Structure formats: structure tokens, C-alpha cells
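Spelled out, the chains give:
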There are 2 protein chains.
Amino acid sequence: MTATNKTVSIPQGTRDFPAAVVRKRNYIFSCIRKVFEVYGFEPLETPAMENLDTLTGKYGDEGDKLIFKILNNGLNNEKNINSTRAGFEQLLAGKNSTDITERALKYDLTIPFARYVAMNLTRLTLPYRRYQIQPVWRADRPQKGRYREFTQCDADVVGSLSLLNETELANIYHDVFTTLKLNDYELRINNRKVLAALAAVCNGADKMTDITIAIDKLDKIGLENVKKELAERGLQSYQIEIIERYLCITGSNEEKIDKATVLLGNTESGKQGIEELGFLLAHATNVNLVVDLTLARGLNYYTGTIFEAKAPASVSIGSIGGGGRYDDLTGHFSVPGIPGVGISFGVDRIYDVLEELNLFPGVLEVGTRALFFNMGEPECLYAFDIMQGLRKNGIACELYYENVKIDKQFKYAEKKNIPFIVIIGSKEMNEGICQVKELSTGKQEVVPLAALHTYFNKT
Amino acid sequence: MTATNKTVSIPQGTRDFPAAVVRKRNYIFSCIRKVFEVYGFEPLETPAMENLDTLTGKYGDEGDKLIFKILNNGLNNEKNINSTRAGFEQLLAGKNSTDITERALKYDLTIPFARYVAMNLTRLTLPYRRYQIQPVWRADRPQKGRYREFTQCDADVVGSLSLLNETELANIYHDVFTTLKLNDYELRINNRKVLAALAAVCNGADKMTDITIAIDKLDKIGLENVKKELAERGLQSYQIEIIERYLCITGSNEEKIDKATVLLGNTESGKQGIEELGFLLAHATNVNLVVDLTLARGLNYYTGTIFEAKAPASVSIGSIGGGGRYDDLTGHFSVPGIPGVGISFGVDRIYDVLEELNLFPGVLEVGTRALFFNMGEPECLYAFDIMQGLRKNGIACELYYENVKIDKQFKYAEKKNIPFIVIIGSKEMNEGICQVKELSTGKQEVVPLAALHTYFNKT
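No experiment lies behind these values; they were computed from the predicted model shown. (Residues numbered from 1 in each chain as written. Chains lettered and ligands numbered in written order. Predicted model: local features only at pLDDT ≥ 70, side-chain atom pairs only at ≥ 80, totals over all residues. Heavy atoms only, no water.)

Got a minute to help me understand the packing of helix α14 (residues 377–392) of chain A against helix α6 (residues 164–179) of chain B in this structure?
When two helices pack together, you describe them by how their axes are tilted relative to each other and by the distance separating the axes. Following both chains from N to C, one finds α14 of chain A and α6 of chain B inclined at 25°, their axes separated by 12 Å at the closest point. Between α14 of chain A and α6 of chain B, the interaxial angle falls into the category roughly parallel. In this structure, α14 of chain A crosses over α6 of chain B, and the sense of that crossing is right-handed. Where α14 of chain A approaches α6 of chain B, its residues Cys-380, Leu-381, Phe-384, Met-387, Gln-388, Arg-391 and Lys-392 of chain A are matched on the opposing element by Leu-164, Thr-167, Glu-168, Asn-171 and Asp-175 of chain B. Taken together, the residues of the contact of α14 of chain A with α6 of chain B break down into five nonpolar, three polar and four charged. (Axes fitted to C-alpha atoms, helices over the stretch in contact; angles between N-to-C directions. Helix = DSSP H or I, 4+ residues; strand = E, 2+ residues; numbered from the N terminus. Parallel < 35°, antiparallel > 145°, perpendicular 65-115°, else oblique. Left-handed = near helix turned anticlockwise from the far one by under 90°. Contact = heavy atoms within 4.5 Å. Nonpolar A, V, L, I, M, F, W, Y, C, P; charged D, E, K, R; others polar.)

Please explain the environment of Met-49 of chain A as it appears in this structure.
With respect to the helices, strands and loops of the structure, Met-49 of chain A is situated in strand β2 (residues 49–51). If we ignore the near neighbours within four places in the chain, the residues touching Met-49 of chain A are Ile-70, Arg-103, Ala-104 and Leu-105 of chain A together with Pro-11, Thr-14, Phe-68, Leu-105 and Trp-137 of chain B.

It is not clear to me how the domain arrangement of chain A should be interpreted in this structure. Could you clarify?
Note: interface size is frequently given as the accessible area lost on complex formation between the parts. Looking at chain A, the domain boundaries give domain 1 (19–45 + 106–356) and domain 2 (366–458). The C-alpha centroid of domain 2 of chain A is placed 51 Å from the C-alpha centroid of domain 1 of chain A. (Domains from an automatic or database assignment.)

Sorry if this is basic, but what is going on with the relation of the copies chain B and chain A here?
Mapping one chain copy onto the other needs a rotation about an axis and a shift along that axis. With an RMSD of 0.0 Å, the fit of chain B onto chain A corresponds to turning through 180° and sliding 0.0 Å along the axis. Taken together, the rotation angle and the small translation identify this as a two-fold axis. For chain B, the residue whose C-alpha comes nearest the rotation axis is Ile-70 of chain B, separated from it by 2.2 Å. Both copies share a contact surface, since 100% of the interface residues of chain B are interface residues in chain A too. (Least-squares fit on C-alpha atoms with pLDDT ≥ 70 in both.)

Got a minute to help me understand the interface of chain B and chain A in this structure?
On the chain A side, the residues contacting the 109 residues of chain B number 109 residues. Of the roughly 9,200 Å² buried between chain B and chain A, counting both surfaces, carbon and sulfur atoms make up 60%. Linking chain B with chain A are eight salt bridges. Note that Arg-391 of chain B and Glu-168 of chain A form a salt bridge whose closest N and O atoms lie 2.8 Å from each other. There are 44 residue pairs in polar contact (both at pLDDT 80 or more) connecting chain B and chain A. (Buried area = accessible area lost by both parts, 1.4 Å probe. Salt bridge = Lys/Arg side-chain N within 4 Å of Asp/Glu carboxyl O. Polar contact = N/O pair within 3.5 Å; in protein donor to acceptor, adjacent residues only side chain to side chain.)

How should I be thinking about the pattern of salt bridges in this particular structure?
Close approach of charged atoms allows side chains of opposite charge to pair. Residues and elements named next belong to chain A. Following the criterion strictly, the structure yields 54 salt bridges over all chains and no others. Measuring nitrogen to oxygen at the nearest pair gives 2.8 Å for the salt bridge that ties Glu-50 to Arg-115. Of the two residues, Glu-50 is situated in strand β2 and Arg-115 in helix α5 (residues 110–120); the sequence distance between them amounts to 65 residues. Pair check on accessibility: Glu-50 and Arg-115 agree, each one buried. (Buried < 20%, exposed > 50% of the residue type's maximum accessible area, 1.4 Å probe, protein only.)

Mind showing me how you'd approach the sheet that holds strand β1 (residues 42–43) of chain A here?
Within a beta sheet, neighbouring strands are joined by backbone hydrogen bonds and run either parallel or antiparallel to one another. All names here are of chain A. One open sheet holds the eight strands; their spatial order is β1-β5-β6-β11-β10-β9-β7-β8, and the pairing between them is mixed. In this open sheet, the two strands that pair with only one neighbour each are β1 and β8 (289–291). Relative to strand β9 (residues 302–310), strand β7 (residues 186–191) is paired through six bridges, and the arrangement is antiparallel. Bridging from a neighbouring strand, Glu-186 pairs with Lys-310 of β9. (Pairing = 2+ DSSP bridges.)

Got a minute to help me understand the nonpolar core in this structure?
One broad rule of soluble globular proteins: the nonpolar side chains tend to lie buried together. In terms of nonpolar packing, the biggest core is built from 79 residues, with Ile-28, Ile-172, Phe-177, Tyr-246 and Phe-345 of chain A touching the most fellow members. Sort the elements by how many residues they give to this core and helix α1 (residues 19–38) of chain A lands first, with eight residues. Residues Leu-182, Ile-211, Leu-280 and Phe-345 of chain B belong to the second largest nonpolar core, which totals 78 residues. (Core = buried A, V, L, I, M, F, W, Y, C linked by side-chain atoms within 4.5 Å.)

In this structure, what is going on with unusual backbone geometry? I would like to understand it.
Backbone geometry follows two general trends: most residues other than glycine have a negative phi, and most peptide bonds adopt the trans configuration. With an omega of -10°, the peptide bond between Leu-126 of chain A and Pro-127 of chain A qualifies as cis. Considering the arrangement of structural elements, one finds Pro-127 of chain A in the loop between α5 and β5 (128–137).

How should the pairing of strand β10 (residues 319–326) of chain A be read in this particular structure?
Looking along a regular strand, one sees side chains alternate from face to face of the sheet. Residues and elements named next belong to chain A. Burial analysis of β10 places seven of its eight residues in the buried class, which makes it a mostly covered element. For β9 and β10, the ladder comprises six bridges, and the chain directions are antiparallel. Of the residues in β10, the one forming a bridge with Glu-308 is Gly-322.

What's the story with the side chain of Asn-165 of chain B in this structure? I'm lost.
The residue Asn-165 of chain B is located in helix α6 in this model. Discounting residues that sit within four places of it in the chain, Asn-165 of chain B has contacts with Tyr-401 of chain A together with Arg-129, Val-157, Ser-160, Arg-325 and Val-341 of chain B.

Quick question: what am I supposed to make of the packing of aromatic side chains here?
The description of two aromatic rings rests on the distance between their centres and on the angle between their planes. Counted under the stated rule, the structure contains 43 aromatic pairs over all chains. Among the aromatic residues, ring-to-ring pairing joins Phe-36, Phe-41, Tyr-131, Tyr-173, Phe-177, Tyr-185, Phe-307 and Phe-345 of chain A into one connected group. Residue placement shows Arg-25 of chain A over the ring face of Phe-17 of chain A; its charged tip is 4.0 Å from the ring centre. Here Arg-129 of chain B stacks its cationic end above the ring of Phe-41 of chain B, 4.6 Å away from the centre of that ring. (Phe/Tyr/Trp six-rings, centres within 6.5 Å; stacked < 30°, edge-to-face > 60°. Lys NZ or Arg CZ within 6 Å of the ring centre and 35° of its normal.)

Would you mind going over helix α7 (residues 192–201) of chain A with me for this structure?
An α-helix turns once per 3.6 residues; consequently, residues spaced three or four apart project the same way. Residue and element names in this part refer to chain A. Buried residues of α7: Arg-192, Val-194, Leu-195, Ala-197, Leu-198 and Ala-199, and no others. Structurally, α7 contributes buried residues whose contacts are with β7, α8 (208–216), α10 (237–247), α11 (253–264), α12 (268–283) and β9. For α7, the side-chain oxygen to backbone nitrogen distance between the N-cap and Lys-193 is 2.9 Å, and the N-cap itself is Asn-191. After α7 finishes, the residue Asn-203 shows a positive phi value of roughly 65°.

I keep staring at the sheet that holds strand β12 (residues 370–372) of chain A and nothing clicks. Help me out?
Residue and element names in this part refer to chain A. Across the sheet, which stays open at both edges, the five strands sit in the order β13-β12-β14-β15-β16 with mixed pairing between neighbours. On the outer flanks of this sheet lie β13 (397–399) and β16 (444–448), each paired with one strand and no other. Taken over all neighbouring pairs, the strand axes of this sheet differ in orientation by 25° on average, direction set aside. Looking at chain direction, β12 and β13 are connected through three bridges and run parallel. Note on β13: the bridge partner recorded for Leu-371 is Glu-398. Lying on the sheet, α14 is in contact with β12 and β13; it crosses β13 at an angle near 170°.

Put into C-alpha cells, the structure is as follows:
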């Protein structure tokens, strides 16, 4: 056979998933999907491409640059040439032009979801509980753990203000992580109202976004650099001092809440945010909740509870999920007044964590369970019918159709991680039996053909 | 609540899939996937985007026009401006330019599969049996049943010449269709070698492609128009006469094979093609095979057996799958000599057939099985814990978190097709019981809370 062609490649930041990886990814997806469904969330799928104006202006300037735009077809048709030229000049000026591109790949699942809700509001039953597991695309600089095509897993409830939604979503994190045996996960919680109170108390209500952005970096850059950034963003030293006092609050969940109450409990927003944190702690008692007053989350649209799920401390992979409450999902699409709350799982990160902790079930390694050897033409045709009988019983098997040396057939089974081989030679054919060999142990057994499917159903 | 925004839309030819549709589609996918796996095929997933030069030149000029290309990012960066302008002029001249676009959305699953095999040949174990279920994109004119984003389901074996592969793939069609209760499917078969023999016998070996393309239209345009097209494509009347004699062969499978042998059995290619058809008929005895000598299939790369699966005649939807044998999968990528055979399922068509014949299982209509009513704040918090107990037992349920009138909660259950409602008022709380009402019958029962999950596991 000819050699692999090394000059062929795939786009930077994208991946092929061979069988072993697909099986492991599906294990994670199916676990998340089952939990979502048992919680009454229903599936939604939206197209890979959206109209460009559905996406632009929703992710900030930096986000907009990362949207993959799709070239219109037929640009060089004669009747299009003039508008194509005009559109191209617009593009060079840094503007979008529908003459060149009017569609783009989705950048996340939230905006397509908002677009869907706005388009279908009269048909939907509110509260609408949907989950969505689909790939998204970002023209980000590829690096370890960051891809240009990756899958998001989101669950959102829109049209309900009850804090029981938050309680439920916290439980979803718990159920998914414990099903995946990530028992040492942490679900950090905070509340944007608490952060708003902090801004108010330090007289920086107008600087709420600056404060949030700076605090959000605490984990990465440390307290001193956050203070520096706050100063650069125009906060004065007495303000920074109050923020520092807040960021240095430590202790158990209860202690943190007590200290935050002292600092912020005089404001309406502070009181409410702290109450909401208390509600979650009181009702999601199963969940390994950690009040983290320094949790801010970058996204601007959160208005209440915010979540961040952390992998077990033993692995150096940080956030494996996040979410929060927002006031206005569909305002961008001229349908204001729909509040909601949602969470997301970081599947690529979870994959790395499970791999590192060796938590993928061994059964995922096996596809085909038995390989029937090809012992010659009549034997092979005979074995084909026997194999079809096994397949009817749901046992995944193959027959080596090419008539090659036994050696090569052995190698095939080993390389494909097939645990059993089945040998039917002319002697076995005459006696209605076969030899079954387990590759891991080398153990070989004679099994009557009539009992073969029972044999595999047991092992 | 505000009204639906009707000005928001999605790109022409794309679709949102709400829960009911996702469930039905997943029912089809999961059936196909299970059969593929039991036959020892392993999953592969490739990225949505490929390098543009991986795709261009593989689908013919018409196909190339239907490829969705992705605009490079940062075209208006200052350092790019010159090459962007140059690239744009190339684009206007009808050529590709990597300065403007170097990636594109995949158009089918076959070329990405070929690219994958060429890239990974040394790591793969041949024969390589892979299946792939993923969306593809084509800038086709949208019409009923034709979309710009649709999902393909392919299974291919590469690196094996044995006809048992064809036998197995025919059985896969049978198993999938009968699992979906499409028992009256037909699997039409023919062989490109038979068509090559026909071309040779009528002295038109150089016109093989023309003959194939014309014959492929027989179903749609009728015999007279096929003859007209053959004439237009330069076939002479004595040649057309032989082709007509061939196309008019009728009868049972055996009769057709006998008549074809008389006409074409003198050529090496004819003999071989007819033998191969005979092998399939002899060994895929389960399968509802119909020899269809007029079956040609448009694609140029087929060289042996060709398949076309037809929906039951009672629905006016034609092909629901197709495939065939090819000699050279990866030749385009400088890795020649890898033969293979593959099949594909037309999921959108199968969906329409199942819908028309009412063959989707009723259970797909139901997501959430029980809705707990909100009877006030303490009752609601109490019910939350009871509900969590059910969810732990795998029973999909919800609690109406908003404190609204019972009426509205009833409507929610009805609109969401939730079969049961569970009522826990203060009286029930005190007695440790609940009222369970089945909406379809109106039947109401008192169930002890401790027995609730057993109740739902039984119903």
C-alpha cells in the first residue's frame, strides 16, 4: 500500500475525531443530554449559519472580528460585478457588505437561541426550557485547548424569574459531574447584584463594567495587578481600597456572606444579591457550592446569579462550565422583557480532565467485539451467516473478508482492539462448533455455534 | 409578553429543529448508528470546514459552484490590503484566491473521508470501516426536500475487494429499514461493469459517461427523451437501438440477468458485472433486492456494484439511499490504489416517509413525563425535593416555578404534551401523599409520595 500523504491537511484549529475520541466525546454528551432531559429541558438545533446581521454587534468589537463569514456565491456573475466591487470597497473600509457576505457561522449558542425565541415567541410555551449541543466556530488564534471549531452544551430557561431555576441548574452541574465521577468538582457562585452593590458602595456605579472586567482577571493576574488595572481604568485609591477589602473576604460560605453583608448589606442591591446567594445555599444542599465573591464573569449581560464550575483541584484545568442569570435575552431582536438563566458545559475541558484522571469507562475502547477469521472461501461464506446471526442479537462483529494469512488477521484484531476472535475451519463447520479465543488472556474455548450468541451476551 | 418578531429570519434553505423534530431525527440517526456499529463500522467526525483546495475540483464545475467558501479574517488589516486587492481581482475572474478565502464548508462526507484516509494511512488498519453522520452544506437553490444544510449518513469500507462487503452493506440497508418498519423498501442494484459492457457492445466505450448520464435520467424523463439525449450526445441510431433493447429488459431478477447475459455476456466486463450481481442475489437473500439494469447513478467514480434504495411504493418519495463500489478513493490526494465501497442514507427523505406513513413511535412525542404544580411557596419548595427524588430515578419531570393560576399551569402541561400532573397542596404535604392526574384520560389517583417513582416506572 502507498504511504500516507503528509502534504494534505485540515484548517488550523480544527480537528478530526477518530473512533476512540468520538466514543469518549459521545459519552460526555450523552451524560449531559440525559441529565438535561430528566430535568425537563427539551432539545433545540439551529443551523450552522445565521444571517450575518443576526450575529454582528452582539459579541463586542473583539468578538465581531472572530466571526467566520461566508462568501456569497456567484460573486463573479456578470450581473453582480458592479455591486461586488462596491461591496468589496466597503469590506476594505472595515464594514460588512451584504454584496460580499450575508451569512456567517454561529459564534455561540446563545444568540441563535435568542434569535429563535424572538422568531417563535407566539408558538413557544413559556417558561421555555431548552438545551442545545452543537458546534460553534471562532476565528481565534489556535492554542492548547482552544479550537476554531468546538462544541457547546447549553441549557437555559427563559420566561421565569424564580430562583428555583438557579437551584435546579446547580443540581444539573452536580448530577452531570458526579455521573462522570468528577466528585471533587466545585461550583462557585456569586451574584451580579453583589458586584453592583460593591460598585455603588465605593461610589463607582458608573464604573461597574470596569470593575467587573478587572475583578474577572484576579485568578490570572493577582490582586496587585487587579488594583493596577482598576487605577488605570480611572478608579481612585479610596475606591480601590474598598474593592480590595471586598476581594480579601475569606472563610466559609457563611462567613463570606456575613462579611459581605457588613460591607454591602446597606444597599438594596447588596441585600438582594446576598439573599439570593443564601437561597441557593439553603436549597441546593446537594451541590458542592462555594461562594466566591471574586467571581465576576466577563460577559456583560449577566444581572443576577453567576456560576463557574471548577475541575477537581488535582488537575490544573480551571473552569469546566459557567453561566448565570440575565434580564433580557431577546432585546437585540426587538422583543424585550424576557429574562432567563442558563448554564454551559465546557466539553473539551471536561474531556481533558476525564482523560487526565483516567475516568473514561474502559468499555469505550471497544467497538467490534468479535472478529471472525477468514479460513478459506467456503468457510468464509459459512461464517458470514453465523456472523449475521450474532449481529441480529446486537453483538458487534466483523468477518475478515480478504483471504490473507492468519497473521495479518491477528494483527487487524489487535490494532482494532477487538477482544475476541472466532475461528471456523472446515472441521468446525462439519461439527457445528467454533473456536473462540480471548486475545487479552490467550484463553481458547470450543463453543457450539448454536450457543455463540449466549456466549457473547455473557462475556 | 411582547409579540414574535417577524423580521428576524434564518438563511434560506436552513432550518431550526424544535424538540419534536430533533427527537424524530435522533430516532433515525440512532437506528442507523446502531446498525453501523453492530456491523463493526467505527465512527469518524471531520471538521465542518476543509481547506478550499481539498474540496475544489472534486465535484465537477457545477458542484464547485455550490461550495460555501469562508472569507478569511482580517482582510482589511493594513498589511493585507495589497494582497486582498489582488486576490479580489482573481475572484472576479472566476478563480479561487487564498488571499480572500482558503477554507470552505464541506460539501459531502466522501471527500473529507478520502482526505482523512490519505492523511492517516499509516495509522489506519485496513480494511478501514468507518461511518460518519454529519451535516454538509451546498449553495443549491432551496426547494421542497432540498436544503442548504442537511445531514448525511455514510458507511464505507476501504481496502477490501471482497463482494461480501457489498453483501453486508445490502444487509445494513435491510436492517435499518426494517427497524424503522419500512418493510416494503426496495434495494435496486446494478453494476457499472454491466453498463461498461453495454457501451462496449454498442461500440460506444468512449461515450461511457454520456451513456451513464442519459440512462440515469430514465426515471425522470422517460425512454423517448433518453434516446433524444443520447442522440444529442453523439450516439448513432444503431447504438441507441442496442441501448434501447437493454433498457427494455424486464422480468424477475433471474430473467433480467438471463437476458442481460444474452446481450452482454460475451464481453469480459459484462460477464464479470453479471457474476457480481449474481453473487449479491445468492448471498444477500434476506434483502429485498431488485436488479434494475437502468440504474446508473450520476457520480463518475463508481466502478462496480451500484445501489439505490427506494421508499415503499405507497409514498411518492423516490430514493432514500444510494452508494456503490469505487476503485480509487484517495487518488485525488496522491495516494492511489485504495478501493472501497460505501452507502449513504437520505435522512431528510426517510424522515418524510416515516412522517407520511405515521411510523414514528408515539413515545417520541413526550419529553417531560410529569409536571408538578405550584400550589404556593412552601408547597413548591416541598415539591422540589420530591421532584428531585424522581429525577434521580431517571423520570423526566418539571415543577412550575412561577406562582401563577392553576389554569395557566394546566395549559403549560397540555401545550408541552406532558402526560401527568402531580399536585401537592398543604393537605397532601401533611399526609405525605400527592394527587396524580393523567391528562389524556382525566383519571386522578392518590399516590403516597414514597411510592411515586414506582408509579411512574410502571406507567
